[in-house]
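Secondary and tertiary structure notes
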Amino acid sequence: MRCRHLFGAVVATLAVAALPATAPAASKPKKPYADVLGAIEASPDGTTATLRVRYRCNAGDHLWVSVKESATGKKDWALRREGSSELAATWLQSHRNTWTCDGTKRTETFDVDAVEPGSKGALVHGRAYVQFCLTQGEGEIVIYETGFSWVHRGPAAT
């Protein structure tokens, strides 16, 4: 009789030891991303604009937002190339926007204008090429989202 109790105790001990540990695992950082939402809203004169972006990042210390457009406002695939700001009729950009990297999904508005060196022109109704680039440290890219977005230029003041 004693053997049965001893055998049962050994089996129960082994069963408990074989269970996986259920200690809470450290949460894994969520993947960074950015999506431009809706149209780029240009001022009536086209020299400034805002764009709404939904994004998530865990780290980042430098943000650059760029909008390039052809003179006609038609989608120009050449604007995707390195150095294409020289080809663009309009290039609005900014390194001055604020953002928050805390791993949560955020939707914010970012400004671009012609204040920074190299910027030029005025946006027209049409399609523009957007670059949303967030880096960390010595140029490590955290987010690099690009694509064409519609441009809506507000009516002139009367």
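Right above here is the structure, for reference.
The paragraphs below set out a description of the structure included in this document. A quick note: this is a predicted structure, and the numbers were derived from the prediction, not measured. Every chain begins its residue count from 1, and numbering advances along the sequence as written. Local features are withheld for residues below a pLDDT of 70 in this predicted model, meaning they are given only at 70 or higher, and side-chain atom pairs are given and counted only at 80 or more; totals for whole chains, interfaces and linings count all residues. Side-chain descriptors were evaluated using all non-hydrogen atoms of the structure, hydrogens and water having been removed beforehand.

**Quick notes on the overall build of the protein**
Going along the chain from the N terminus, every DSSP run of H or I of four or more residues is numbered as a helix, and every run of E of two or more is numbered as a strand. The helix and strand tally for the protein stands at one helix and seven strands. Starting at the N terminus, the α and β elements of the protein follow one another as α-β-β-β-β-β-β-β. Burial statistics for the protein: of 158 residues in total, 34% are counted as buried. Residue contacts follow a heavy-atom distance rule, with two residues in contact if any of their heavy atoms lie within 4.5 Å. Across the protein, contacts joining residues at least 24 apart in sequence account for 68% of those joining residues at least 6 apart. Accessible surface for the protein amounts to roughly 9,900 Å². Of this, 58% is attributable to carbon and sulfur atoms. Each residue is assigned to one of three classes by its accessible area relative to the maximum for its type, calculated with a 1.4 Å probe on protein chains only: buried under 20%, partly exposed between the two thresholds, exposed over 50%. For every accessible area listed, the method is Shrake-Rupley and the probe measures 1.4 Å; residues are considered covered only by the protein chains on display.

**Comments concerning a positive patch on the surface**
The grouping of Lys30, Arg52, Arg54 and Lys105 at the surface amounts to a positive patch. Within the element layout of this structure, Arg54 appears in strand β2 (residues 48-56). Grouping into patches uses exposed residues only, defined as over 30% relative accessible area, and leaves out salt-bridged ones; the cut-off is 9 Å for like charges and 5 Å for nonpolar side chains (Val, Leu, Ile, Met, Phe, Trp, Tyr). Any Lys or Arg side-chain nitrogen located within 4 Å of an Asp or Glu carboxyl oxygen qualifies as a salt bridge. Lys and Arg are tallied as positive, Asp and Glu as negative. Neither His nor the chain termini are counted. Charge positions come from single atoms, namely NZ of Lys, CZ of Arg, CG of Asp or CD of Glu.

**Observations regarding the pairing of strand β4 (residues 90-94)**
Along β4, five of the five residues are buried, which leaves the element largely enclosed by surrounding structure. Neither face of β4 is left uncovered, since the one carrying Thr90, Leu92 and Ser94 and the one carrying Trp91 and Gln93 both have all their residues buried. At least two DSSP bridges between two strands are required for those strands to pair. In terms of strand pairing, strand β3 (residues 62-69) meets β4 through five bridges, oriented antiparallel. By the bridge assignment, Ser66 is partnered in β4 with Gln93.

**Some remarks on the state of the cysteines**
Cysteine sulfur atoms are paired as a disulfide whenever they come within 2.5 Å of each other. Inspection of the entire model under this criterion finds one disulfide. Paired through a disulfide, Cys57 and Cys101 show a sulfur-sulfur distance of 2.0 Å. Handedness of the Cys57-Cys101 disulfide follows from its S-S torsion of about -95 degrees: it is left-handed. Note that Cys57 is positioned in the loop between β2 and β3 and Cys101 in the loop between β4 and β5 (106-113), a separation of 44 residues in sequence.

**Some points on the pairing of β2**
It is a general feature of regular strands that their side chains alternate between the two faces of the sheet. Both strand β1 (residues 33-42) and β2 contribute to a ladder of seven bridges, which runs antiparallel. By the bridge assignment for β2, Ala42 is matched with Ala49. Two successive antiparallel strands, β1 and β2, enclose a turn made up of five residues, where Gly46 displays a positive phi of approximately 75 degrees. Taken together, the eight bridges between β2 and β5 define a ladder with antiparallel strand orientation. Residue pairing for β5: Thr48 is matched across the bridge by Asp113.

**Section: the layout of surface pockets**
For each structure, a 1 Å grid was placed over the protein atoms alone; sets of points admitting a 1.4 Å probe that cannot get out are labelled cavities, open sets with protein on both sides within 12 Å along at least five of seven lines are labelled pockets, and lining residues have an atom within 4 Å of a point. Grid points are joined across faces, edges and corners, and a volume is the space filled by probe spheres set on the points. What the largest pocket holds in volume is close to 180 Å³. Lining the largest pocket are Trp64, Ser66, Lys68, Arg80, Arg81, Glu82, Gly83, Ser84, Ser85, Trp91, Gln131 and Tyr144. Broken down by element, the residue count for the lining of the largest pocket peaks at three residues, all from β3. Here the residues of the lining of the largest pocket sort into three nonpolar, five polar and four charged. Residues are grouped as follows: Ala, Val, Leu, Ile, Met, Phe, Trp, Tyr, Cys and Pro are nonpolar; Asp, Glu, Lys and Arg are charged; every other residue, Gly included, is polar.

**Quick look at the packing of aromatic side chains**
When the centres of two rings from Phe, Tyr and Trp lie within 6.5 Å, Trp using its six-membered ring, the rings pair. Their planes under 30 degrees apart give stacked, over 60 give edge-to-face, and anything left gives tilted. Counted according to the given criterion, the structure contains five aromatic pairs. Relative to Phe148, the ring of Trp77 lies with its centre 5.2 Å away and its plane at 75 degrees, an arrangement referred to as edge-to-face. Pair noted here: Trp77 is in the loop between β3 and β4 and Phe148 is in strand β7 (residues 140-153), with a separation of 71 residues, a long-range link. Judged by its relative accessible area of 47%, Trp77 is partly exposed. For Phe148, a relative accessible area of 15% puts it in the buried group. A centroid spacing of 5.2 Å and a plane angle of 55 degrees characterise the contact between Tyr129 and Phe148, whose relative ring orientation is tilted. Residue Tyr129 is located in strand β6 (residues 126-136), and its partner Phe148 is located in strand β7; the two are separated by 19 residues in the primary sequence. Tyr129 sits in the buried class, given a relative accessible area of 5%. Counting every residue linked through ring pairs, the aromatic cluster contains Tyr55, Phe110 and Phe132.

These values are about where atoms sit, not about what they do.
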